Amino acid sequence: MAGPIIRASGLSKTYRISEKQPGLAGTIQHLLRRRHRDVLAVDGISFTIEPGEIVGFLGPNGAGKTTTLKMLTGLIHPSGGELEVAGHQPYRRQARFLRQITLVMGNRQQLIWDLPALDSLRVNAAVYGIAEAEAQRRIGQLAEMLELGQELRRPMRKLSLGQRMKAELLAALLHEPAVLFLDEPTLGLDVNAQARVRDFLADYNRRTGATVLLTSHYMGDITALCPRVLLIHQGQLFHDGSLADLTQRLAPCRQVRLELADLHPPEAFAGFGQLEAHQGHLVRLLVPRAQLAERVAALLERFAVVDLEVSDPPVEELIGGLFRQRDSSSEASQ
Amino acid sequence: MSWAWRVARALLGSQYALMLEYRAEIALWALSGVLPLIMLGVWSGSGAAAAAGLSAQQLSHYFLAAFVVRQFTVVWLIQVFEDDALQGRLSPFLLQPLSPLWRYLAAHLSEQASRIPFVAVMLLAVGLAAPGLLWLPSAGALLLGILAIVAAFLLRFLLQVLVTTLCFWSERAAALDRLLMIPYLFLSGLVAPLDTFPPAVRRLALATPFPWMVDFPARLLAGEPVNVALGFGAIAAWCLLLLPIGHWLWRAGLRRYSAMGA
């Protein structure tokens, strides 16, 4: 297929919600005369994704990430805008479209809880029209990539959270979808299990060329997998580009950590940068990017430095700071 | 092997395996479906059946047959659908190229298959407790009775699909189903054979889908004289009426679906 595999233009979604005041009076009023309010969950976002890309979808809770994913998969109808995924309008949910996509939700499961995963996989193979021998081959291959073996023969309820997530991924990929929508696929997993799921997704993308759109609250997932990120806030697209570009945009300063041989008062660091932390021999400064080399040289000359590290501030802190700043400015303007 | 046959086999196989996991629960459900046996006790002691022209044997055969029909026409679609929709389990099913309704249908059929041994044991217990009460229907009556039970189940399932689609508009559509239980109980023949109804009420009942869900198959199994063509024709007519309405409501409902909980 030539051109983008996902194309969203002015995509929006408005939910109509009823509101109820607390207490008996509120309950009676709610019963007799219901009040509704329109909530704009997604506000005219536009983006395209090329086949084979892995794109991270970032934003705080309630930003509109999951609503966008639901529109992209066809679970809900958009209120406005245009949307095309794998050559189809998702909300029409044609079988040819559904065979090309998959949605994995870290907090939901499709496999039957009280049966071994293999029973559900057999149903999925039949539903997607995969020949039995081919289904066996794919199950074997995916199980090997996911390091699953006898676990597939045990009831799902007896598996650990990590094993269940891997089995869910196997089920979601059995029909070899061209587009993967992953909503918090590492939610609740321990660090090792998160790393294994990330490695698997990167490997799967390399092998099959599948397109991946991933939401996650774990920045580790995003930094490990996504060369490109879409940052959404209050239903609007704030950034579409690389994580490095985002960091540069959000953080005009770099972080300089120093371990000093001697103790110095905070005033000693005036003129070197913004003092972020000062604990005994450890000091953290924020220094403008343009003056980094000059300031670091001056620090080395002025103090007896045991260790020095220059880095970008953690991206989750930058994003969190940005959202807090935007939230407070939008409240102030109201 | 066609796609549909393979899907049916896989769905029924997995759902039957699942129902066997819940065998203790299913035994309790089977036990809870003894209303016709209770009604048999009530009617036997009252003498009202004789006044309506039914012999003691006709009465006992009818209620035992109604007990069997009830066991194999239980539909719980709305409860499980409502729960799946609220808990977000419906969304993954909606993203597969197969309507979730086929999964629920397979679950019902599998549950009924897993009930067979429990119902057989309960009938055996009735036979041991009251040896004269059981009878062996003729091969023809048995075959027609089974077909009528399957048809009655499909009609009941379709009717509940209609109410179930209301879950897309209301988060508590199961309450509507409980409302529907009242006409079902009284007009289907579960609490009294239709022959005992006053003529006007009987005519009213026959104009609804309910008597074809219990009274018709029960009378076939009990060996009562029944207009077979009328019974199957009425079920077919109701199904043909409900099918397009259910299809339209389902599609309209999906447009409203907000995928809550997912």
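Bear in mind the structure is a predicted one, so any value in this text is a computation, not a measurement.

1. Quick look at empty space enclosed by the protein
Vacant regions in the atomic arrangement are exposed by a probe of water-molecule size rolled over the atoms.
1) Next: Enumeration over the complete set of coordinates arrives at three cavities of 30 Å³ or more.
2) Next: Space inside the largest cavity adds up to approximately 160 Å³.
3) Next: Counting residues per element, the ones that place at least two in the lining of the largest cavity are β5 (101-105) and α6 (161-173) of chain A.
4) Next: The residue makeup of the lining of the largest cavity, split by class, is nine nonpolar, six polar and two charged.
5) Next: Arg-156, Leu-159, Gln-160, Asp-177, Leu-180, Met-181, Tyr-184, Phe-210 and Met-213 of chain B together form the lining of the second largest cavity.
6) Next: Top element by residues in the lining of the second largest cavity is helix α10 (residues 174-187) of chain B. It accounts for four residues.

2. Considerations on the interface of chain A and chain B
1) Next: Tallying the contact residues gives 33 residues for chain A and 31 residues for chain B.
2) Next: Interface of chain A and chain B: buried area, both sides summed, is about 2800 Å²; carbon and sulfur atoms make up 61% of it.
3) Next: Its salt-bridge partner being Glu-132 of chain A, residue Arg-6 of chain B comes within 3.8 Å of it at the nearest N-O pair.
4) Next: Joining chain A to chain B, the criterion identifies six residue pairs in polar contact (both at pLDDT 80 or more).
5) Next: Of all the secondary-structure elements, those providing two or more residues to the side of chain A that touches chain B are α2 (65-73), α3 (95-98), β5 and α4 (117-127) of chain A.
6) Next: Within the side of chain A that touches chain B, the residues separate by chemical class into 17 nonpolar, seven polar and nine charged.

3. Quick word on the sheet that holds strand β1 (residues 6-19) of chain A
Residue and element names in this part refer to chain A.
1) Next: Within the open sheet, the three strands sit side by side as β2-β1-β4. Their pairing is antiparallel. For this open sheet the edge positions go to β2 (35-49) and β4 (80-85), each flanked by a neighbour on one side alone. Strand after strand, the sheet turns through a mean of 30° between neighbouring axes, direction not considered.
2) Next: As paired strands, β1 and β2 are joined by 11 bridges and run antiparallel to one another. Pairing of Ser-18 across the sheet is with His-36, part of β2.

4. Side note on the side chain of Thr-208 of chain B
Residues and elements named next belong to chain B.
1) Next: Among the structural elements, Thr-208 can be located in the loop between α11 (199-206) and α12 (215-221).
2) Next: Thr-208 sits in the buried class, given a relative accessible area of 15%.
3) Next: Contacts of Thr-208, omitting those with residues within four sequence positions, involve Leu-187 and Trp-238.

5. Some details on the sheet that holds strand β13 (residues 305-311) of chain A
Strand pairs in the sheet, formed through backbone hydrogen bonds, run parallel or antiparallel to each other.
Residue and element names in this part refer to chain A.
1) Next: Across the sheet, four strands lie side by side as β11-β12-β10-β13; this open sheet has antiparallel pairing. Looking along the sheet, the strands with just one partner apiece sit at the ends: β11 (274-279) and β13. On average, each strand axis in the sheet is inclined to that of its neighbour by 15°, with strand direction left out of account.
2) Next: Here strand β10 (residues 253-260) pairs with strand β12 (residues 282-288) via seven bridges, running antiparallel. Paired with Val-256 across the strands is Leu-285, a residue of β12.
3) Next: Docked against the sheet, helix α10 (residues 292-302) engages β10, β12 and β13, running at close to 165° with respect to β13.

6. Examining the domain arrangement of chain A
Where interface size is quoted, it is often the accessible area lost as the parts come together.
1) Next: Segmentation of chain A into domains returns domain 1 (6-247) and domain 2 (252-311).
2) Next: The distance between the C-alpha centroids of domain 1 of chain A and domain 2 of chain A comes to 43 Å.

About the cut-offs
Residues numbered from 1 in each chain as written. Chains lettered and ligands numbered in written order. Predicted model: local features only at pLDDT ≥ 70, side-chain atom pairs only at ≥ 80, totals over all residues. Heavy atoms only, no water. 1 Å grid on protein atoms, 1.4 Å probe; cavity = no way out; pocket = protein on both sides within 12 Å on 5 of 7 lines; lining within 4 Å. Points joined across faces, edges and corners; volume = space filled by probe spheres on them. Helix = DSSP H or I, 4+ residues; strand = E, 2+ residues; numbered from the N terminus. Nonpolar A, V, L, I, M, F, W, Y, C, P; charged D, E, K, R; others polar. Contact = heavy atoms within 4.5 Å. Buried area = accessible area lost by both parts, 1.4 Å probe. Salt bridge = Lys/Arg side-chain N within 4 Å of Asp/Glu carboxyl O. Polar contact = N/O pair within 3.5 Å; in protein donor to acceptor, adjacent residues only side chain to side chain. Pairing = 2+ DSSP bridges. Axes fitted to C-alpha atoms, helices over the stretch in contact; angles between N-to-C directions. Buried < 20%, exposed > 50% of the residue type's maximum accessible area, 1.4 Å probe, protein only. Domains from an automatic or database assignment.

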